[in-house]
Every structure is written in structure tokens, then in C-alpha cells.
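One-letter residues, chain by chain:
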Amino acid sequence: MIGKRIGGRTYYYFAESARVDGKPRVVGQRYLGTAEDIAAAVAGGGPEAAGARHRSFGDVSAVWGTLQRLDLVRRVDSVAGPQRARPTLGLHVALAVLHRATAPETEFEEWWTGCLAQDLVRPRPPKGAITTAGHWRALQRLTPERIARVETVVAEAVLELLGDDGTEALAVDVAQFAAFTAADCTMPSACQDVLAGLGLVVTRDGAIPLASKVYRRENAPTFAALAAELGERHTVVFHSGQAAQLDLGARTGFVGSLPLADHPELLARPASVRRRVDPERFAGLTAFDTVATVDGARRRVILLHSATLHAAQYRAFTSELSTTVRELDGLAAALAAGTHRGDRTQVHAEMSRIIRGRRVERVLNTSLTGSRAGELRLERRVDEAAVARLAEEFFGKQILVTDRDWPVAEVVTAYRARTYLDSTFRWLTGSAVAGPSPRWEWSAHRIAVHALVSVLAATVTHVMRREADRAGMNLSVAELLDQLRGIGETVLRHRSTGGRPRTRRILSDRTERQQALFELFGLERFAPG
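The model shown is predicted, which means the values in this text are computed figures rather than measured ones.

Visitor: Whenever I open this one, the overall build of the chain confuses me. Can you help?
Guide: Scanning the chain from N- to C-terminus turns up 18 helices and 17 strands. Rg of the C-alpha trace for the chain: 31 Å, well past the compact-globule value of 24 Å for 529 residues, more than 25% over. Counting every position in the chain, which comprises 529 residues, the buried fraction comes to 45%. Excluding contacts between residues fewer than 6 apart, the proportion of contacts in the chain whose partners are at least 24 apart in sequence is 63%. Total accessible area computed for the chain in this model is approximately 26,500 Å², and 50% of it derives from carbon and sulfur atoms. Across the chain, the mean location of the 70 positive side-chain charges is 6 Å away from that of the 60 negative side-chain charges.

Have a look at this one:
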């Protein structure tokens, strides 16, 4: 232990000495404090903290660790080529992805100033080197050619990590990708958001994005055209509203859903024909695997029933039925009180407005008596047996169609890739995306840059989600990041005694699931010593 006299006071350091080139040298030292600090520490106390701040630890360190495993900084810099600018484009892209994945609602510079990332990035950027304006200027160096190449090298990293060759990838359309807020809304004509969709090629295992095609919604390609472009070598995933655009009788390589009304014979099959589908991954899901005629060809179809979806649809239906009955009862009361003076045709029109286009018309019996205004009376009755038949026939059911011979659980996983991606991009992009300050117009290139950052954030978080799923934790990206965000870090700042201010970092207590994620993603290497 050595002491240094500074400003009339002595400060002590723990010094480690060793011989260097045959001569004794100090090779390491750690600040211990004043004699009073050391005495207080020995007695079990310590200097009183002058302040503290709390910051998120788990999500930031887990995402950064995944970026390191994908070697994203080096791979992007290899695409950019020789650079004089510091920080490099690779680091700017990595920080953009980290920011989008962990704090998309926070302005970039504000996020960087108080974020754990400052302690993770090595070598640490010079003070003042990371600003919002400078960050966006750096990202503008992502030309269309570089964007395409960055996607390619990151996809290669993902496939190396997964040990996959990518031949069984899925092609998915995320039509509600983002709405880009106009820069100037002082004039009504300038307040129209730019709506964008996204075509994606993703891994079959984990729905991890490998390639993307962003498009503006006002001149969007048809789904059939997008499927032809993205799905030539991949399995196309579609929902029931898109099925009519594809010739499923002649096409190969697809997983999708069909309108329930197109196959009443399947809906009529009893529950006894369905079998459980992987209870650990899909609780309450049963399936009937069979064949049916689709677009003139015999195709494999799977009738699914989800207990969770059934319960949600039943709640929504009973709420709708309650609203309809209340409106009908209000109309009946108005007729009985004489406050509604419409004739029979007008009352019928009002009844049709209340009931039309809803499944409630299958369970409601109504009668209108009387022939003249003031004498009309309305009665209604809910047919409970019809409610039971409706629930048994429709609620909780989906019909999937595919030409793949995969196990039912894998077909379901492939079909739900679109749902998982929709959920992820809602988390990453929010209801509307605003540009940095000063605000700008969203040009095609700027939207492409934003799309790249969002897709890379989805890639990283879906890699993490896949790993958590394989560890027995079936979580959405939002749920996973929320669990990780619950692992916080408190930074205690101690009063200066004339030397350098000292800080102490302490991690928060963790739940059983948070501890499992802590160990899964190896967060110990980022934890305070």
C-alpha cells in the first residue's frame, strides 16, 4: 500500500509491483481512499453515498452481448471499407440497433448519456463524439448497396450461429411495418404519414430476419407479386385474406390459413378427432390433420382449435351481443313510450343497422308487431342453443393449408412467424416514427436506413427469443426484454475527499426467471466486479 500526498492530504492506493526488464515496476494500482475511509471500511462502515442513479442493466447487456456474438461492428465496417471517421459506421449501426431494441421511445443522445452502453463499448468513444446529429449523419453513409450488403453479412452471421444453411427459410409480409410522421404539420396537406410495409425472409426456426424489402403502402406490390419475389426459394407464409391471390392448386412451398367459411365440413368435425399439439410449446392447442380440396387440388389441411383464442373470441362475442341487445331494448322502449314515431319500414331499417353484419344475428330472434307509427312494438330473444352451436362451430378455430410434410407443431410455428414479427415491429417502431431534430421529410433512402436498423433489431431480439424458447421460456420479444429490463443497476456516487470521486455499482435482486435469463445470456461478464 502506498500513499500519495495531494493538496495537503494523503490518499492511499493498493499497488502491485513486478519486475519488468529486470527492474521493479508498479504494474497495477487501485485507489483505497484516505486513512479515515480505510478505517471506516475496516469497521464495517464506509463513506456515505453522495447520490445514486438507477439504470437498466439486463436488456442492454443481453442485446449488446448478442451483437458481439454476431460480430456486427466488424462485419459492418468490412462493408464500409477504410474509414477515417471515428466512431466507425459499424459502431454507429450497433448503437442504433441497441437503442432501437432497448429504448425506442427515448431520444438517442439522451439515451446514450445515461445508458449502461457507455460502460460496455470498448474502446470508449471520446466525450461528445456520440450526438444525435452526428449519429444520423453517420447512418446516412449507408447507401442502398451498403444496406443490402450489411443485411447479407449479418444473415451469414445468424446462419453460422444457428448452424443453418438458410434453405428452409420463410417469406413473410409485414404490411403494418411503420408509419413515418411527416416533418412539417403546419399545413394539413403536409400531415400525411408515410405508411410502409416490409417483406421479409426469416428463418423457419425462430423467425429471425435474414433479408428484407421495404415498400411504401401507396404503391405497394400485391401480395402475389411480393410472394413471387421473396418466396421463389422459400416457403411463403400468408393469412386467409391473402389466400385468394395465390393459386394453391399449382403452387409449391407455402404455409397459410384459409377462410373458415370455405370448409364447413371441417368445422363440423367433432372435438374428439383433434389431438394435442406439443403441450409445452402450445398450451391448449389441438389439431386435426387431414386433406381437403383447395383450388381444385387435394391439399394437406390442419384444423386447429386454441382454447386461449376460443375464450378471447367468446368474450368479444358476448360483449358484442350485450351491446346489440341493449340497443334493441332501447329501440323497443322508445317505441313503447311513443318517442320513436318512425313507420314500420324505418324501424326495420334501424333494426337491420343494429344487427347487420354481425354473428349476433344467428342467435337473436326479433319480432316487430303493429302496422302504424305509434303502434309498433319490438320483442327480442337470445337463442342460447344457437350461441352454443356458434361457439362450437367457429370459436378458437383456424384452418391451415400447406404442401410441407413437417410435423403439425412446425407448421404452426411457421404460420405464427408473421404474428411474432408483427408484435416485434409494433414494439420497435411504435405507432409512428419521427425523425431526429431538426425534423426531416422521410425520403425513400431515409426510410430504408430506418428499416435496416429496425430489421437488425428484430434479428438480434429474435435470436435472443429463440435461445430463451429453447431454454423453456416461451416469451414474446416484448415480454423477454421486459423481464431483462427488470434486472437493474444502481450506481452509488461517494463524496470526493479531494481525490477522484468514487462510484459503486450494485445489481438489483432477481426473480427466478430473471436469474435464468441472466445465466442464459452470460450477463455475469458485464456485471460489476
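After that view, the rundown keeps rolling.
Visitor: Would you mind going over the nonpolar core with me for this structure?
Guide: Among soluble globular proteins, nonpolar side chains are generally buried collectively. Residues Trp64, Phe425 and Leu484 are the most contacted members of the largest nonpolar core, which totals 153 residues. With 13 residues, the single largest contributor to this core is helix H16 (residues 444–470). Phe425 has contacts with Val174, Phe177, Leu198, Leu200, Gly430, Ser454, Val455 and Ala458, leaving out every residue within four places of it along the chain.

Visitor: Please explain the sheet that holds strand E3 (residues 23–33) as it appears in this structure.
Guide: What holds strands together in a sheet is hydrogen bonding between their backbones, with the strands either parallel or antiparallel. Pairing in this open sheet of three strands is antiparallel, and the strands run E1-E2-E3 from one edge to the other. Two strands in the sheet have a free side with no partner beyond their single neighbour: strand E1 (2–6) and E3. Recorded for the sheet is a direction-independent mean angle of 40° between the axes of neighbouring strands. Across five bridges, the pairing between E1 and strand E2 (residues 9–20) is antiparallel. Bridge pairing in E2 places Arg5 opposite Thr10.

Visitor: Where do I start with the pattern of salt bridges in this structure?
Guide: When their charged atoms lie close together, side chains carrying opposite charge are able to pair. Enumeration over the complete set of coordinates arrives at 22 salt bridges. With its nearest N and O atoms 3.3 Å apart, the salt bridge here joins Arg281 to Glu410. Highlighted residues: Arg281 in the loop between strand E10 (275–276) and strand E11 (285–294) and Glu410 in helix H14 (residues 408–415), separated in sequence by 129 residues. By relative accessible area, which is 25% here, Glu410 ends up partly exposed.

Visitor: What is the right way to read helix H13 (residues 384–393) from this model?
Guide: Spacing of three or four residues puts side chains on the same side of an α-helix, whose turn is 3.6 residues. Every buried residue of H13 is listed here: Ala386, Val387, Leu390 and Ala391. Seen end-on, H13 carries its buried residues on one side only, within an arc spanning 135°. Contacts from the buried residues of H13 go to helix H11 (307–337) and strand E14 (377–382). Capping of H13 at its N-terminal end is provided by Asp383; its side-chain oxygen lies 3.1 Å from the backbone amide nitrogen of Ala385.

Visitor: Would you mind going over the packing of aromatic side chains with me for this structure?
Guide: Two aromatic rings are characterised by how far apart their centres lie and by the angle between their planes. In the structure shown here, the tally under the stated rule is six aromatic pairs. Between Phe108 and Trp111, the aromatic rings sit 5.5 Å apart at their centres with planes inclined by 40°, giving tilted as the arrangement. Residue Phe108 and its partner Trp111 are located together in helix H5 (residues 108–114), separated by three residues, close to a single helical turn. In terms of burial, Phe108 and Trp111 fall into one category: buried. Judged by centre distance (6.4 Å) and plane angle (45°), the ring pair of Phe238 and Phe254 falls under tilted. Here Phe238 is found in strand E8 (residues 235–238), whereas its partner Phe254 is found in strand E9 (residues 254–258), with 16 residues between them in sequence.

Visitor: For this particular structure, what's the right way to read the sheet that holds E11?
Guide: The nine strands lie next to each other as E7-E6-E5-E8-E9-E15-E12-E11-E10, forming an open sheet whose pairing is mixed. Each edge of the open sheet is held by one strand with a lone partner, namely strand E7 (209–216) and E10. Pairing of E8 with E9 involves three bridges; the strand directions are parallel. Following the sheet pairing, Phe238 is matched in E9 by Gly256.

Visitor: When you look at the pairing of E9 in this model, what are you seeing that I'm missing?
Guide: Each regular strand carries side chains that alternate between the two faces of the sheet. E9 sits mainly inside the fold: five of its five residues count as buried. One ladder, built from four bridges, connects E9 with strand E15 (residues 397–402); its direction is antiparallel. Bridged to Gly256 within E15 is Val401.

Visitor: Sorry if this is basic, but what is going on with helix H7 (residues 132–139) here?
Guide: Taking burial as the measure, the eight residues of H7 include six buried ones, the bulk of the element. Within H7 the residues assigned to the buried category are Thr132, Gly134, His135, Trp136, Ala138 and Leu139.

Visitor: Got a minute to help me understand the environment of Leu428 in this structure?
Guide: Positionally, Leu428 belongs in helix H15 (residues 417–429). As for Leu428 and Thr102, which are separated by 326 residues in sequence, their C-alpha atoms are 8.6 Å apart. Non-local contacts of Leu428, meaning those with residues more than four positions away in its chain, are made with Arg100, Ala101, Pro104, Ser454, Ala457 and Ala458.

Visitor: What is the right way to read the packing of helix H3 (residues 72–80) against helix H8 (residues 144–162) from this model?
Guide: Relative orientation and spacing of two packed helices are given, respectively, by the angle between their axes and the distance between those axes. Viewed as axis vectors pointing N to C, H3 and H8 meet at an angle of 145°, and their least axial separation amounts to 9 Å. Our pair here, H3 against H8, has a crossing hand that is right-handed. The residues of H8 that touch H3, namely those facing Leu72, Arg75, Val76, Val79 and Ala80, are Arg146, Arg149, Val150, Val153, Val154, Glu156, Ala157 and Glu160. For the contact of H3 with H8, the residue count by class is eight nonpolar, no polar and five charged.

So, how was this worked out
- Residues numbered from 1 in each chain as written.
- Predicted model: local features only at pLDDT ≥ 70, side-chain atom pairs only at ≥ 80, totals over all residues.
- Heavy atoms only, no water.
- Helix = DSSP H or I, 4+ residues; strand = E, 2+ residues; numbered from the N terminus.
- Rg over C-alpha atoms; globule rule 2.2 N^0.38 Å.
- Buried < 20%, exposed > 50% of the residue type's maximum accessible area, 1.4 Å probe, protein only.
- Contact = heavy atoms within 4.5 Å.
- Areas by Shrake-Rupley, 256 points an atom, 1.4 Å probe, with all protein chains shown as cover.
- Lys, Arg positive; Asp, Glu negative; His and termini not counted.
- Charge placed at Lys NZ, Arg CZ, Asp CG, Glu CD.
- Core = buried A, V, L, I, M, F, W, Y, C linked by side-chain atoms within 4.5 Å.
- Pairing = 2+ DSSP bridges.
- Axes fitted to C-alpha atoms, helices over the stretch in contact; angles between N-to-C directions.
- Salt bridge = Lys/Arg side-chain N within 4 Å of Asp/Glu carboxyl O.
- Arc of directions from axis to C-beta.
- Polar contact = N/O pair within 3.5 Å; in protein donor to acceptor, adjacent residues only side chain to side chain.
- Phe/Tyr/Trp six-rings, centres within 6.5 Å; stacked < 30°, edge-to-face > 60°.
- Left-handed = near helix turned anticlockwise from the far one by under 90°.
- Nonpolar A, V, L, I, M, F, W, Y, C, P; charged D, E, K, R; others polar.

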